[in-house]
Amino acid sequence: MFLALDNLMAARYQMALSLGFHIVLSCFGVAFPALIYVLHRRGIRHDDADALVLAKKWAKVAAVLFAVGAVSGTILSFEMGLLWPGLMSTYGDVIGLPFALEGIAFFVEAIFIGIYLYGWDRLSPRVHLNTLIPIMISGAFGTFCIISVNAWMNAPAGFDLDANGEVINVRPLEAMFNSAVLGMSVHMFVATYMVTGFLVASVYAVGMLKGRRDRRHRLGFTVAFAFAGVAAVIQPFVGHLTGQRLAVEQPSKIAAIELATETETRAPLTIGGILIDGEVRYGVSIPVLGSLVVTDSLNGEVPGFDQIPPDERPPANVVHLAFQTMVGAGTLMAAIAVWFWWRRRRADDPFGTWMLRATVLAGGLSVVALEAGWVTTEVGRQPWIVYRVMLVEDAVTANTGIWISLAVIVVVYTSMAYLAARVIRGMARRWRESDDVDIATPYGPSESLPVAAQEATSGPG
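Residues numbered from 1 in each chain as written. Predicted model: local features only at pLDDT ≥ 70, side-chain atom pairs only at ≥ 80, totals over all residues. Heavy atoms only, no water.

(A) Just the overall build of the chain, in detail. Counting its regular elements, the chain contains 16 helices and eight strands. Here the C-alpha radius of gyration of the chain, 24 Å, is about what a compact globule of 461 residues would show, namely 23 Å. Long-range pairs, those at least 24 residues apart, make up 76% of the contacts in the chain with a sequence separation of at least 6. In the form shown here, the chain has an accessible surface area of approximately 21,200 Å², with 65% of it arising from carbon and sulfur atoms. Once the 33 positive and 37 negative side-chain charges of the chain are each reduced to a mean point, those two points are 14 Å apart. (Helix = DSSP H or I, 4+ residues; strand = E, 2+ residues; numbered from the N terminus. Rg over C-alpha atoms; globule rule 2.2 N^0.38 Å. Contact = heavy atoms within 4.5 Å. Areas by Shrake-Rupley, 256 points an atom, 1.4 Å probe, with all protein chains shown as cover. Lys, Arg positive; Asp, Glu negative; His and termini not counted. Charge placed at Lys NZ, Arg CZ, Asp CG, Glu CD.)

Here it is, written out as C-alpha cells:
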C-alpha cells in the first residue's frame, strides 16, 4: 500500500511538473506565429524595415522555444505510457486518434518553421509570408488534439464497457469531439494569445523602462499587447461559457470551486476562504451570486459535497484557491488592457511608467492564471483520471524508481530553461550591441541585414 502511494505521489508530481513546464511553451507555439505574421505582413505591405527586423528576431526566438517545447512534449508523450500504463493500456484505442493527429501537426509545424527561418533570401515575399499560415494552423490544431484528450478525461465518451469492464465499441471521433472539447479548446486557445502577448509585451516594457524607447520597442510592445489585450478582455466570457457544463457533468468540481458543502438554490458566491472541518472560514460570501454565476439564474441549483461520496471529493481548498487565483489574475489583466486602450485615446504618451510596470506585472499574471487554470482542471477531477470511469490510483505504474525519474526530470527541465534563457538573452544582447539581426545563431548561418531591407522594398510580389 505504501509503495503504491509512493509511486502515485511521485507520478503526480512528475506529471504536474512536465505539464506546467510544457504548457507555457505550447502557448508560444500556437500564438507566436500569428504575432510574427502581423509584423511580417506589415513590413512587406508598408515598406516597414523595423517590422521586418522584429519579425526575423521573433522568428529566431520562436525557433529556440519550439526546440525546447519539442523536447518537453516528447517527454510528456513517454510519461503518459510510463507513468499511467493503466490508462493507456485500457483506453489507448479510444484516445489514440488525437495523439496520432497531434504528431502529424507537430511535424508539419516543424517543417514550415524550418522553411520560414531559411526562406528570407530564398523565397518571394508573398510565399515567404504565407509559410507562416501552416505554422499557425498546425500549432492550433495540435493543441486542439491534446486538449481533446484532456477534455475526454473530464467528459469520457466514444466507448462502451462490457460486463467484465472491458472496453468495446470504440468510437474515436465521438471520443475526440466529446461534450467538453469545444469550451476547453477555445478557452486554451485564447489563453495562448494572452500568455504570449503579455510575456512578449512585458519584455519590451522592461526595455522601455530602461530607456530604450525607439520605434522597434514601441512597435513590438504594441503588436504583442494588442493580441494579449483582446484575449484578456474576452477570456472571462469564454471561461464562463466553458464552465456552464460543470454543474451537470462534473458536480464534484463545481462544488470544490464554490466551496459548496451543501446543494442549494440561490447559493452565495464565496470569495477567498478555506474549508476547515466541513465549514467555510475566512471567506466573503455574496448572496445569490453563486447561483447566477454557475447556472445563469438567480434561482439555479449549485451542487454541493452532500451529493458526492467522501472518497470521490477533490481537495476543495486547492481547487477553490486555484480557481480564484485564475479569476483574480484574469480580471487584473483585463483591467490593464482597458487602461492601455484608454491611454492610447486620451494620453499624449500611452507608454507611461506605470503603464509599463503594469504590463510587466501582466506578463507574470498571465503565467499564474494559466497554471492556476490547469490546477483547477486537473485537481478538480480527482480522484479520477477518467471522470467516474477510472481512478488515478488504478492507472499509475507499479514500477519502482519514480522518485528517481522525478529528480532527473527536475534537472532536465531546469537545465533546458536555463539554457534557453541564456541563448535568448545572448541573442538579445548581441542584437543591441551590433543592431545586426542576422548575427550567427545556434541553429543557422548568418546572413546580411540588407536582405530584410531589400524584401521590405520589393513589395508583396
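Here the narrative resumes.
(B) A look at helix 5 (residues 132–154). For helix 5, spanning 23 residues, the distance from its first C-alpha to its last is 33 Å, which sits close to the expected 33 Å at 1.5 Å a residue. The buried fraction of helix 5 is high, at 17 of 23 residues. (Expected span 1.5 Å × (residues − 1). Buried < 20%, exposed > 50% of the residue type's maximum accessible area, 1.4 Å probe, protein only.)

(C) Focus on the nonpolar core. Counting residues in hydrophobic clusters, the biggest one holds 85 residues, and the most contacted among them are W58, F221 and F225. The biggest single contributor to this core is helix 7 (residues 181–209), with 15 residues. Apart from residues no more than four positions distant in its own chain, F221 is found in contact with A201, Y204, A205, M208, F340, F351, L356 and T359. Of all hydrophobic cores here, the second largest spans 24 residues; its members include Y91, W152, I385 and A395. (Core = buried A, V, L, I, M, F, W, Y, C linked by side-chain atoms within 4.5 Å.)

(D) Focus on a positive patch on the surface. Taken together, the side chains of K210, R422, R425, R429, R430 and R432 make up a positively charged region of the molecular surface. Mapped onto the secondary structure, R432 falls in helix 15 (residues 402–434). (Patch = residues over 30% accessible without salt bridge, like charges linked within 9 Å, V, L, I, M, F, W, Y side chains within 5 Å. Salt bridge = Lys/Arg side-chain N within 4 Å of Asp/Glu carboxyl O.)

(E) Spatial organisation of the packing of helix 10 (residues 251–258) against helix 12 (residues 316–346). Contact geometry of helix 10 with helix 12 gives a least axis separation of 7 Å together with a crossing angle of 70°. On the basis of the axis angle, helix 10 is roughly perpendicular to helix 12. For the pair formed by helix 10 and helix 12, the contact residues are K253, A256, I257 and E258 on the first element and A316, V319, H320 and F323 on the second. Residue composition of the contact of helix 10 with helix 12, by class: five nonpolar, one polar and two charged. (Axes fitted to C-alpha atoms, helices over the stretch in contact; angles between N-to-C directions. Parallel < 35°, antiparallel > 145°, perpendicular 65-115°, else oblique. Nonpolar A, V, L, I, M, F, W, Y, C, P; charged D, E, K, R; others polar.)

(F) Main features of helix 10. Burial runs high along helix 10: eight of the eight residues are buried. Restricting attention to buried positions, one finds in helix 10 the residues P251, S252, K253, I254, A255, A256, I257 and E258. In the segment just after helix 10, L259 is the residue with positive phi, at about 50°.

(G) Representation of the packing of aromatic side chains in the model. In the structure shown here, the tally under the stated rule is 20 aromatic pairs. An angle of 10° between the planes, with centres 4.5 Å apart, marks the rings of F21 and Y413 as stacked. Residue F21 is found in helix 1 (residues 2–45), and its partner Y413 is found in helix 15; the two are separated by 392 residues along the sequence. Like Y413, F21 is buried. Seen in terms of ring centroids, F198 and F225 are 5.5 Å apart; in terms of plane orientation they differ by 85°. Their pairing is edge-to-face. With F198 in helix 7 and F225 in helix 8 (residues 215–243), the pair connects residues that are 27 residues apart, well separated along the chain. Three or more aromatic residues link up through ring pairs in this structure, and these residues are F198, F221, F225, F340 and F351. Of note, R357 hangs over the ring of W354, and the distance from its end group to the ring centre comes to 4.7 Å. (Phe/Tyr/Trp six-rings, centres within 6.5 Å; stacked < 30°, edge-to-face > 60°. Lys NZ or Arg CZ within 6 Å of the ring centre and 35° of its normal.)

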